[in-house]
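# Summary of the model geometry
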Amino acid sequence: MTRRFVGQATPRLDGPDKVTGKSRYSADVNLPGMLRGKILRSPYPHARILSIDTTAAEALPGVHAVITGQQQEHLIGRAIYDLPVLAGKEVRFIGDRVAAVAAETTDIAEQALNLIEVEYEELPAVFNIDEATADDAYPVHQDPKGYEGAFSHPAEPKVNNVCAYMNWSHGDMEAAMAEADQVFEHEFETPFEHHGYLEPNATVADVKADGSCDIWSSNKSPYMLRIQLAKCFQQPPENFQVHMTHIGGDFGGKGNPFDAPVAYLLSKASGRPVKVVMTYTEELMAANGRHASKIKLRTGVTNDGRLCAMHLDGWFNTGAYGAFKPLPTLNLHGVDQAGSCYRIPAINLNSTIVYTNTIPAGHMRAPGGPQVMFAVEAQFDLIAKALGMDVAEFRLRNLLEQGDTAPAGQQWVTVRAKETLQAALDAAQWNTREQGPGVGWGIGMYERGTIGGDCSARLIVNADAQITIEVPIPDPGQGTYTAVQQMVAEAIDGTLDQVTIRPVSTSNLPFDFGVGGSRTTFTMGKTTIDALDKLKQQLAEQVNEPGSWENGTLLAGGNHYSFAQLVAQACAASGADLVVDEYAKLPLEPEMADTNFTAQVVKVRVDMETGKVDVEKIISAHDVGTIINPVAHLGQLEGGVIYALGMALMSEHRFDEGKPEALHLGDYKLPNIRDIPPLETILLERDEGPGPFNLGPVGEASNVALPGAIANAVADAISKPAMRLPLTAERVYELIQA
């Protein structure tokens, strides 16, 4: 089918403003009389606050408010409310918020922070999973199950400092494991990571005399932020109006309230609007990142390489608080996908979230997925080699086929796991690949479907058939606004210039869950197209004949009526613009049980004298639905690959007794342009998907399997197993010498 806009590389709506500097970010918001806010943070990983003296800070000229948590310790979070806005009794990590100042300038605010005297009593601290769960471990929280939103599971491990536990199982584990000829047990580790987005978190809060508050914040889920603030301060959500600004990168990290509640309290105390902008040092001290993990796998196989059963124990370091996780179970989605591309008759997957005295962890591009898939794919290579099998053949023997039931019990409408892997293998010329000392090849597999969740939109159409779409969420960079514009223009046989996307504040539309979970183009697209279909139905009622729409043309009574013609007629009759509101209560799992497979093949060359790893080739094959915008689609895939490259080879936020070792991006390593290898992307498109025009997800397709694939390639090159990420030159050298 030939389409004018869907499937075409149309210009990005946000492109011109971003490249010319016109885009408005939260830090760009300036209001009359606005003050600058700064936050005093804990120098200790765990300590009791004995006293706070703010007298000198309050006396400093230019200071308008000094606040602490000792008067009242407000708690906030996404699902569990265990994070103090300002710690009043106890600090639990280096960087925990203790006090805040609002002043005429940033310099004055920082001077005031230096005048605040805090007396602490240091407490024992735990910094990793093993320390935190030891029998004699000191509790990070005295009553972790006492917080609002705390989650308990009857099978939760009886160890110290558990924030939450969850289990997923399917099949008869005992019977399936009994069929195995061999059982393999391995343990894998991944570190804490920061997202590396360009824009630090920023908030402007303006509390009015009537108690209402306008908020501008680097937050991708404005309606959820409104709810969190309202609950924290025991006010109606309508008291908070969150205004939309551009977001300078997200990668899963900007769904949290961060310093918005502090800005609110400072504005309330000072009677002036207040801006709080984190420095990147503060980002690396206190912003959420990817959970460090320890993954233990026990997998049974037959001697001919058939998977029988998998038992996984995943342990995740949530840091000092669980507040940055949005799921009611306080767990990570990726754990329940362990082995999900493969035919495994029985699984038992366990996830334990553990408190420590380190930076709180949250969501980061496919939360839990990269950690788990690294472990699963790395173990599959170890199993295949122990059985004397080619690693590709082992996977092809076990991958799901059409009609198979996935390990967790899903029945997907289409399964193209083998076809996707075969496409990647063919592109790599797997059977004739270069082999030898220092040369290695690795494979990784992943599948991902989209999720739903409530969404709303408003269509406003004038007599010239110009459509303005009011939307409730920002576009942090994935291109949703452009995709929605394309779909609507296609659906009316119009032009791109006819369609304007207008982000609006939380006072204008009912609700939206926010950006995340590879949901945004699906939910926003479906809600908008549903609203458009509702409008078309209203327009068709003007024609007293039964008819049907073909994109922008109504066929009725042997006549053809254009969308523009009927809109002009309806506007003339009503004397006003046409307005359609749509609130879609979409199920979290779309009605169409669909997923999309990813297969990645990597070639590396390792310097056996230094351990330096050069990635020479990445082949990334993807089973996809309809591609709305091929440039944006490819950008998501290539961006995900670069993200995964960092996790595999360099990105690690290290701590020394809870103190971050990197406090700027010069020390925290992220891939740059010189690190990016040749990348070949293969798209296996199908006209099938849960969204409008049969679109599917893409945002988390390419970054999950790749760390495992790179680790497998390095292990292949040095003939030593790679059980821990990242595989820096130093770590690889140690493996070679071991």
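Along each chain, residues carry numbers from 1 onward, in the same order as the chain's sequence is written. Under the rules for a predicted model, residues below a pLDDT of 70 receive no local features and side-chain atom pairs below 80 are neither given nor counted, while totals for whole chains, interfaces and linings still include all residues. Hydrogens and water molecules were not included; the side-chain quantities draw on all heavy atoms of the structure.

## Description of the overall build of the chain
Note the cut-off: Think of it this way: any DSSP run of H or I at least four residues long counts as a helix, any run of E at least two long counts as a strand, and we number them from the N terminus. Computation of the radius of gyration draws on C-alpha atoms alone. For the globule rule, the value is 2.2 Å times the number of residues to the power 0.38. Should any heavy atoms of two residues lie within 4.5 Å, those residues are considered in contact. All accessibility values rest on the Shrake-Rupley procedure with a 1.4 Å probe; residue burial counts only the protein chains present in the view.
Helix and strand counts for the chain come out as 17 helices and 30 strands. At 27 Å, the chain has a C-alpha radius of gyration in line with the 27 Å of a compact globule built from 738 residues. In terms of principal-axis extent, the alpha carbons of the chain reach across some 80 × 75 × 50 Å. Residue pairs at least 24 apart in sequence account for 80% of intrachain contacts in the chain once pairs closer than 6 positions are excluded. For the chain, the exposed area adds up to about 27,500 Å²; of that, 49% sits on carbon and sulfur atoms.

## Here we look at the packing of aromatic side chains
We count it as follows: Aromatic pairs are defined between Phe, Tyr and Trp rings, using the six-membered ring for Trp, whenever the two ring centres lie within 6.5 Å; interplanar angles under 30 degrees are classed as stacked, those over 60 as edge-to-face, and all others as tilted. We call a residue buried when its accessible area falls under 20% of the maximum for its residue type, exposed when it is over 50%, and partly exposed in between, using a 1.4 Å probe and counting protein chains only.
Tallied over the entire structure, the rule returns 15 aromatic pairs. Ring geometry for F188 versus F374: centroids 5.6 Å apart, planes at 80 degrees, classification edge-to-face. Here F374 lies in helix α9 (residues 369–386) and F188 lies in strand β10 (residues 182–190), a separation of 186 residues in the sequence. The two residues F188 and F374 agree in class, both being buried.

## Some words on the pairing of strand β17 (residues 346–355)
The condition that has to hold: Pairs of strands are assigned from DSSP output, requiring at least two bridges between the strands.
Counting buried positions along β17 yields 10 of 10 residues, so the element is predominantly enclosed. Of the two faces of β17, both are covered, the one formed by A346, N348, N350, T352 and V354 as well as the one formed by I347, L349, S351, I353 and Y355. Examined bridge by bridge, strand β9 (residues 162–170) and β17 share eight bridges and lie antiparallel to one another. Considered in β17, the bridge of S169 is made with N348.

## Quick look at the side chain of T203
What counts is decided by this rule: Whenever a nitrogen or oxygen atom comes within 3.5 Å of another N or O atom, the pair is scored as a polar contact, on the condition that within protein one atom can donate a hydrogen and the other can accept it, and that pairs from neighbouring residues in sequence are kept only if both atoms are in side chains.
Mapping T203 onto the fold places it in strand β11 (residues 202–207). Residue classification places T203 among the buried residues on the basis of a relative accessible area of 3%. Here S217 takes part through its side chain, which lies 2.9 Å from a polar atom of the side chain of T203. For T203, the residues in contact, after removing those within four places along its chain, are I215, W216, S217, D259, A260, A263, V274, K275 and V276.

## Topic: a negative patch on the surface
Stated precisely, the cut-off is as follows: Patch construction takes residues with relative accessible area above 30% that form no salt bridge. Like charges are linked within 9 Å, and nonpolar side chains (Val, Leu, Ile, Met, Phe, Trp, Tyr) are linked within 5 Å. We define a salt bridge as a contact between a side-chain nitrogen of Lys or Arg and a carboxyl oxygen of Asp or Glu at a distance within 4 Å. Residues scored as positive are Lys and Arg, those scored as negative are Asp and Glu, and His as well as the terminal groups of each chain are ignored. To locate a charge, the coordinates of NZ of Lys, CZ of Arg, CG of Asp or CD of Glu are taken.
Together, E131, D656, E657 and E661 make up a negatively charged patch on the protein surface. In this structure, E657 sits in the loop between β28 (655–656) and β29 (659–660). Using a relative accessible area of 56% as the deciding quantity, one classes E657 as exposed.

## What about helix α17 (residues 729–737)?
Rule in force here: Working definition: the arc comes from the directions between the helix axis and the C-beta atoms, pointing outward to the latter.
Within the span of α17, buried status applies to R731, V732 and I736. Within α17, the buried residues cover an arc of 140 degrees as seen down the axis, which keeps them to one side. Looking at α17, the residues exposed on the side facing more than 90 degrees away from the buried face are E730 and E734. Buried residues in α17 make contact with β26 (596–606), β27 (613–624) and α16 (706–718).

## Regarding the nonpolar core
Note the cut-off: Residues belong to one nonpolar core when they are buried, are Ala, Val, Leu, Ile, Met, Phe, Trp, Tyr or Cys, and are joined through side-chain atoms within 4.5 Å.
One finds V372, V601, V602, V604 and L649 to be the most contacted residues of the largest nonpolar core, which totals 103 residues. The contacts of V372, once residues within four sequence positions are left out, are I295, L312, F316, G334, V335 and A338. L86, C232, F258 and A361 belong to the second largest nonpolar core, which has 50 residues in total.

## Quick word on the pattern of salt bridges
Once their charged atoms are close, side chains differing in charge can pair, the charge on each being opposite to the other. Under the criterion given, the structure shown has 47 salt bridges. Residue E148 pairs with K231 through a salt bridge whose shortest N-O separation is 2.9 Å. Of this pair, E148 sits in the loop between α4 (129–133) and β9 while K231 sits in helix α6 (residues 222–232), and the two are 83 residues apart along the sequence. Owing to a relative accessible area of 46%, E148 belongs among the partly exposed residues under this scheme. Taking relative accessible area as the criterion, K231 reaches 42% and is therefore assigned partly exposed. In this structure, K385 and D716 form a salt bridge, with 3.3 Å as the shortest nitrogen-oxygen distance. On the criterion of sequence distance, the pair formed by K385 in helix α9 and D716 in helix α16 is long-range, its members being 331 residues apart.

## Focus on the packing of α9 against α16
Convention followed: Interaxial angles span 0 to 180 degrees and are taken between N-to-C directions of axes, which are lines fitted to C-alpha atoms, for helices over the stretch in contact. Note on convention: the crossing is left-handed when the near helix lies turned anticlockwise from the far helix by less than a right angle, right-handed when the turn is clockwise. Throughout this entry, Asp, Glu, Lys and Arg are counted as charged residues, while Ala, Val, Leu, Ile, Met, Phe, Trp, Tyr, Cys and Pro are counted as nonpolar. The remaining residues, Gly among them, count as polar.
In the contact formed by α9 and α16, the axes pass within 7 Å of each other and the chain directions differ by 35 degrees. Seen from above, α9 lies across α16 with right-handed handedness. The segment α9 lies against α16, with F374, E377, A378, D381 and K385 engaging P707, G708, A711, N712 and D716. Partitioning the contact of α9 with α16 into residue classes produces four nonpolar, two polar and four charged.

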